[in-house]
There are 2 protein chains.
Amino acid sequence: MAINKKEAFTPIDQKLADLAKAMSHPARIAILRILAAHNSCICGEIVEVMPLAQATVSQHLKELLNAGLIKGTVDGKKSCYCINWDTFKDFNAEFNTLFGDLQIIASNQSCC
Amino acid sequence: MAINKKEAFTPIDQKLADLAKAMSHPARIAILRILAAHNSCICGEIVEVMPLAQATVSQHLKELLNAGLIKGTVDGKKSCYCINWDTFKDFNAEFNTLFGDLQIIASNQSCC
DNA sequence: ATTATATATCGCAAATATACGATAATAAAA
DNA sequence: TTTTATTATCGTATATTTGCGATATATAAT
């Protein structure tokens, strides 16, 4: 049991779900805010501000990387992370499309 | 270990994360699409279309209920579910605010 | 009253996610 | 070259999510 059934759904809904999952922890939203607010994005500064251990922050950064929401470059002793605006805006548009789709389809209905 | 640290973050980021979590499975996005596309929202029709067992669909519906994204009323032998537009639009606005916040803060920066 | 139908809940198994200490890897500094 | 500093990864413990069969619950139909 508990076999993964996510592949049974449309690619669009899978993509939306993956984005939502990347956003589904307040630590990751907080990291995005921190990255957006800094000119130079250094991982160490993130760890200092976050109420989590270094290993945990690194793990959250990795998930944001996998989702494509941030970019990371190794810069000598430090690592530099910043928001990947290309995919970020794409995701934003995709979510607005979802919200729009739902509202337009159901706009002339009164249910429940 | 693995104690929940979510309370250490701001209420806004917790709320956004909770919404994102509700959206973080393609089955739940698919359910929202189905509810939006139907005039009368009957749970049975959802189960028929979804590639999941009845018990699993019922569980996903419960999670959408908990997140406030849908409303449900017991209607005789059947249950009627539909989208809760009030909270839904609120959530949409909140997400757009997040995206907007991040972009405005970082609009004049070129990093990485 | 019995049967059939629709949905929710329980209990369990498996998979993922969360969190952190310890350690590895890498580069700057001494 | 040894030390120090920064970040990633490994291993592990625990918590949560996902999925479903079985069962409970409640109404409609017979």
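Described in the following lines is the structure provided in the data block. (Residues numbered from 1 in each chain as written. Chains lettered and ligands numbered in written order. Predicted model: local features only at pLDDT ≥ 70, side-chain atom pairs only at ≥ 80, totals over all residues. Heavy atoms only, no water.)

## What about the interface of chain B and chain A?
So, step 1. Each partner contributes to the interface: chain B provides 49 residues, whereas chain A provides 49 residues.
So, step 2. Carbon and sulfur atoms make up 73% of the area that chain B and chain A hide from each other, which totals about 4,400 Å².
So, step 3. Where chain B packs against chain A, one counts four salt bridges.
So, step 4. Arg33(B) is the salt-bridge partner of Asp101(A), the closest N and O atoms lying 3.7 Å from each other.
So, step 5. Here chain B is connected to chain A by three residue pairs in polar contact (both at pLDDT 80 or more). (Contact = heavy atoms within 4.5 Å. Buried area = accessible area lost by both parts, 1.4 Å probe. Salt bridge = Lys/Arg side-chain N within 4 Å of Asp/Glu carboxyl O. Polar contact = N/O pair within 3.5 Å; in protein donor to acceptor, adjacent residues only side chain to side chain.)

## A few points about the protein's contact with DNA strand C
So, step 1. Taken together, 29 residues lie around DNA strand C, and Lys21(A), Lys5(B), Gly44(B), Gln54(B) and Tyr81(B) are the ones closest in.
So, step 2. Among all atoms of DNA strand C positioned within 4 Å of the protein, those belonging to sugar or phosphate total 69%.
So, step 3. Side-chain polar atom of Glu63(A) to a phosphate oxygen of DNA strand C: 3.4 Å apart, as the coordinates give it.
So, step 4. The backbone of Gly44(B) places a nitrogen or oxygen atom 3.1 Å from a phosphate oxygen of DNA strand C.
So, step 5. Counting only elements with at least two residues in the surface near DNA strand C, the list comes to helix H4 (54–66) of chain A together with helix H3 (43–49), helix H4 (54–66) and strand E2 (78–83) of chain B.
So, step 6. At five residues, H4(A) tops the list of elements feeding residues into the surface near DNA strand C.
So, step 7. Of the residues contributing to the surface near DNA strand C, the split by class is eleven nonpolar, ten polar and eight charged. (Near = heavy atom within 4 Å. Helix = DSSP H or I, 4+ residues; strand = E, 2+ residues; numbered from the N terminus. Nonpolar A, V, L, I, M, F, W, Y, C, P; charged D, E, K, R; others polar.)

## Examining the side chain of Ser24(B)
Residue and element names in this part refer to chain B.
So, step 1. Its location among the elements puts Ser24 in the loop between helix H1 (11–22) and helix H2 (26–37).
So, step 2. Residue classification places Ser24 among the buried residues on the basis of a relative accessible area of 10%.
So, step 3. Side-chain polar atoms of Ser24 contact the backbone oxygen of Lys21, separated by 2.7 Å. (Buried < 20%, exposed > 50% of the residue type's maximum accessible area, 1.4 Å probe, protein only.)

## What about the nonpolar core?
So, step 1. Grouped together as the largest cluster of nonpolar side chains are 64 residues, with contacts concentrated most on Met23(A), Met50(A), Leu69(A), Met23(B) and Met50(B).
So, step 2. Beyond its immediate sequence surroundings of up to four residues, Met50(A) is in contact with Ala27(A), Ala30(A), Ile31(A), Ile34(A), Val57(A) and Phe9(B). (Core = buried A, V, L, I, M, F, W, Y, C linked by side-chain atoms within 4.5 Å.)

## Considering the protein's contact with DNA strand D
So, step 1. Around DNA strand D, a shell composed of 29 residues is seen, among which Lys5(A), Gly44(A), Gln54(A), Ser58(A) and Tyr81(A) lie nearest.
So, step 2. Of what DNA strand D places within 4 Å of the protein, 65% of the atoms are sugar or phosphate.
So, step 3. Every element with two or more residues in the surface near DNA strand D is listed here: helix H3 (43–49), H4 and strand E2 (78–83) of chain A together with H4 of chain B.
So, step 4. Classifying every residue of the surface near DNA strand D by side-chain character gives twelve nonpolar, nine polar and eight charged.

## Things to note about the packing of helix H2 (residues 26–37) of chain A against H4(A)
Residues and elements named next belong to chain A.
So, step 1. Across the interface, H2 lies against H4 with an axial gap of 10 Å and an inter-helix angle of 75 degrees. Classified by the interaxial angle, the pair formed by H2 and H4 is roughly perpendicular. Counted together, Ala27, Arg28, Ile31 and Leu32 of H2 and His60, Leu61, Glu63 and Leu64 of H4 form the full contact between these two elements.
So, step 2. Split by residue class, the contact of H2 with H4 holds five nonpolar, one polar and two charged. (Axes fitted to C-alpha atoms, helices over the stretch in contact; angles between N-to-C directions. Parallel < 35°, antiparallel > 145°, perpendicular 65-115°, else oblique.)

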